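Below are the chains, spelled out letter by letter.
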Amino acid sequence: MRFAVSLLTVLGIASIIGTVLKQNEPYPNYVIKFGQFWFDLFEKLGLYDVYHSVWFLVILVFLVLSTSLCIYRNSPLMLRELRAYREGATEKSLRAFSHRASYTVAATAEARARIVQFLGQRGFRFKTVQQADGSELIAAKAGSYQRLGYILTHTAIVIICVGGLIDGNVPFKVQELLGYKKVETLDIPENEVPAISRLSVRNLSFRANMTLPEGASSNVSFMRIRDGYLVQELPFRIQLKQFRIEHYATGQPKSFESDLLIIDPDLKEPLAHTISVNHPLIYKGIAIYQSDFQDGGTKLNFNAYGLFGAKDQPIKVQSNIFKNVTLGEGDQALKVEFNDFRLFNILNLSPDGKGKPHNVGPNITYKVRDAQGQAREYVSYMQPLQLDGRRYFVTGMRATPQDELKYLRIPADEDYSLQGFMRLRATMFDPSLHEEIARRFTQDAMGDKADPDMRKKFQASVVQLLQGFDAGGYTRIAKMIEDAVPEPQREKAAQTYLKIISGATLEAYKLGLERAGLKAGEPDSNTQIFLQESLNAMSDLFFYGAPFYLQLDEFQQRQASGLQLTRSPGKNLVYGGSVLLVLGIFAMIYIRERRIWMLIKPTNEVLFTMSANRKNRDLDMEFEQYREQLRRLLQSE
């Protein structure tokens, strides 16, 4: 009994873990959340799929067997006790009761009638037995159905455990143990998943997911198991006609629903039905829930800007979410994998973080993978974001999913476009223009009266700085200072170099406008801020990890509905068992079995005894109450 209670306690703790810890998440999510050490420990304990873990199912099996044995052994005794009046009690045994009293009555017949009436009024059922010495024994009982609580409680545990075993997908566990089924871990198309990793429509229970883009249909879903998945075949096909979503004013999702079409050979016509959150469709025992939504393959048009070199005009790139494109050639070719598109992004961009979040517009998530398979993830916003009162094109990058995104901020020009920065960058990073930039800057800095040799040396120094910045940004300039300037003079040299680069950047800005056929106005404070921020961004480009910047130009959104499909025949058993469990516990706690024996002797003595299944204060109080009531009742004759 104690061992069974301990196992029930373990199941209770496991259920809490299964509720608190989100189950069947992709393993990388757990690694990010807990770290490698705790991930490995929790994985060995099976905490990522508690209800289907082997130890959980073994406990259920043990409880079913042991509890069924208890029911088998004890239920007949319980039923006999429920029906028994224990009318075989002797006078000697009754006088040994701790709760007893005796009365002297004038007439036994009258006393018997009053005792019978007394017991009936208090809900006692009784049986009368004549004794050999002429005495009459009245054996009464009340609350004997309390013993049903034991049977109900144990039966409920068995039913609940059986329901858990049914929904625990035990058949798959057995097949996997015997080698007939295997969890697929490769990311391959559904039609290439081998039969050993597929579950037929006869599978007893499952919880799987399906993602359907608008207009698409499918008759399979995917069960996530450990670090892989199984393909669950369905007895019908589901088609998503339309997905709808409503948003709050802040852009956050308010509600979403899907128009589904169930295509089944058993139906004369396809079944049309709309599901929404908490309003599933149940068809052929399979519940279809609206779980989430995501992108279904949005069409994307990009302006791809090169970040190094002399070109400032973008090339056009077209693709879809979940499709790849290759940029570059040969060993330098990079594969871009477009993973997600979000139409709404609610961010709080206020400087102090106390402002209201608002929608900052669409963004895309993509990976750039090199020839060795190494990938970096990028999140890029379509529109310039307003930060600290100015607007920037923002893109985040991280080398691994565990890293925080590092953001590159490219200042928007006065037309809120990228073109101003890209034109300046192309001018600064064009080696053929360094001489001209240096000449203009030297002319502006030294005038016409400067010594020709001094002018020539200064101009050469400017060219050298521009080449250094072109090779590695501020990091390269710092290295140049470290190599050529004694340490005590480095800070002063750095300030001088930065002033020169800033001045040269202004000349590059003007030169870039001239080459583009644009008129250069008189530089103001906004222009100076733009140039300085552009310099900072150009220096950060060397840490961006990709030689291009993808600016989302246009898109044609296509949404996909996330469905969860469940078949859980054990659920009804669990519900029914839970009801029995509550009834059984209430019966055992709130129903008290009490027994009374009234021995009416020919000598005009009445012996009153009382017992209960639990000897406590309630029994003492009730006995005292009955004894006093019987005294007044029997001695009033």
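Attention in this report is confined to the structure presented alongside it. Please read these numbers as outputs of a predicted model, since none were measured by experiment.

Another aspect to go through is the layout of surface pockets. Approximately 570 Å³ is the volume found for the second largest pocket. With 4 residues, helix H12 (residues 525-540) is the largest single contributor of residues to the lining of the second largest pocket. When the residues that make up the lining of the second largest pocket are grouped by side-chain class, the tally is 10 nonpolar, 7 polar and 10 charged.

Enumeration over the complete set of coordinates arrives at 25 aromatic pairs. Between Phe338 and Tyr366, the aromatic rings sit 6.0 Å apart at their centres with planes inclined by 50°, giving tilted as the arrangement. With Phe338 in strand S15 (residues 334-342) and Tyr366 in strand S18 (residues 363-369), this residue pair connects regions lying 28 residues apart in the sequence. Exposure remark for Tyr366: the relative accessible area of 1% places this residue in the buried category. Ring geometry for Phe429 and Phe542: centres 5.9 Å apart, planes at 55°, overall tilted. Of this pair, Phe429 sits in the loop between helix H8 (419-428) and helix H9 (431-446) while Phe542 sits in the loop between H12 and strand S23 (548-556), placing them 113 residues apart in sequence. The exposure class assigned to Phe542 is partly exposed, which follows from its relative accessible area of 27%. Across the ring face of Tyr416, the terminal group of Arg391 is positioned such that the distance to the ring centre comes to 5.2 Å. The ring of Tyr392 is capped by Arg409, whose NZ or CZ atom sits 4.6 Å from the centre of that ring.

Right, let's get into the pattern of salt bridges. When the charged atoms of two side chains with opposite charge come close together, those side chains can pair. Enumeration over the complete set of coordinates arrives at 31 salt bridges. Linking Glu81 and Arg86 is a salt bridge whose minimum nitrogen-to-oxygen distance equals 2.7 Å. Residues participating in the shared-partner salt-bridge network are Glu81, Arg86, Arg147, Glu593 and Arg595.

With that out of the way, let us pick up the sheet that holds strand S13 (residues 315-320). A sheet is described by the order of its strands in space; here 3 strands give the open sequence S13-S12-S23, paired in antiparallel fashion. With partners counted over all chains shown, the strands left at the sheet margins are S13 and S23, one partner each. This sheet shows a mean twist of 30° between the axes of neighbouring strands, independent of strand direction. Examined bridge by bridge, strand S12 (residues 299-306) and S23 share 8 bridges and lie antiparallel to one another. Paired with Gly306 across the strands is Phe548, a residue of S23.

Let's shift gears to helix H6 (residues 146-167). With 22 residues, H6 should reach 32 Å at 1.5 Å per residue; the first-to-last C-alpha distance of 32 Å fits that figure. The first or second residue beyond H6 is Asn169, which carries a positive phi of 55°.

Here the focus is empty space enclosed by the protein. As enumerated under the stated definition, the model contains 1 cavity of 30 Å³ or more in all. The calculated volume of the largest cavity comes to roughly 30 Å³. Taken together, Gly420, Arg423, Leu424, Ala508, Tyr509, Gly512 and Leu513 form the lining of the largest cavity. Within the residue set of the lining of the largest cavity, elements represented by two or more residues are H8 and helix H11 (490-515). Per element, the largest residue contribution to the lining of the largest cavity is 4 residues, and it comes from H11. Residues that form the lining of the largest cavity fall into these classes: 4 nonpolar, 2 polar and 1 charged.

The rules behind these values
- Residues numbered from 1 in each chain as written.
- Predicted model: local features only at pLDDT ≥ 70, side-chain atom pairs only at ≥ 80, totals over all residues.
- Heavy atoms only, no water.
- 1 Å grid on protein atoms, 1.4 Å probe; cavity = no way out; pocket = protein on both sides within 12 Å on 5 of 7 lines; lining within 4 Å.
- Points joined across faces, edges and corners; volume = space filled by probe spheres on them.
- Helix = DSSP H or I, 4+ residues; strand = E, 2+ residues; numbered from the N terminus.
- Nonpolar A, V, L, I, M, F, W, Y, C, P; charged D, E, K, R; others polar.
- Phe/Tyr/Trp six-rings, centres within 6.5 Å; stacked < 30°, edge-to-face > 60°.
- Buried < 20%, exposed > 50% of the residue type's maximum accessible area, 1.4 Å probe, protein only.
- Lys NZ or Arg CZ within 6 Å of the ring centre and 35° of its normal.
- Salt bridge = Lys/Arg side-chain N within 4 Å of Asp/Glu carboxyl O.
- Pairing = 2+ DSSP bridges.
- Axes fitted to C-alpha atoms, helices over the stretch in contact; angles between N-to-C directions.
- Expected span 1.5 Å × (residues − 1).

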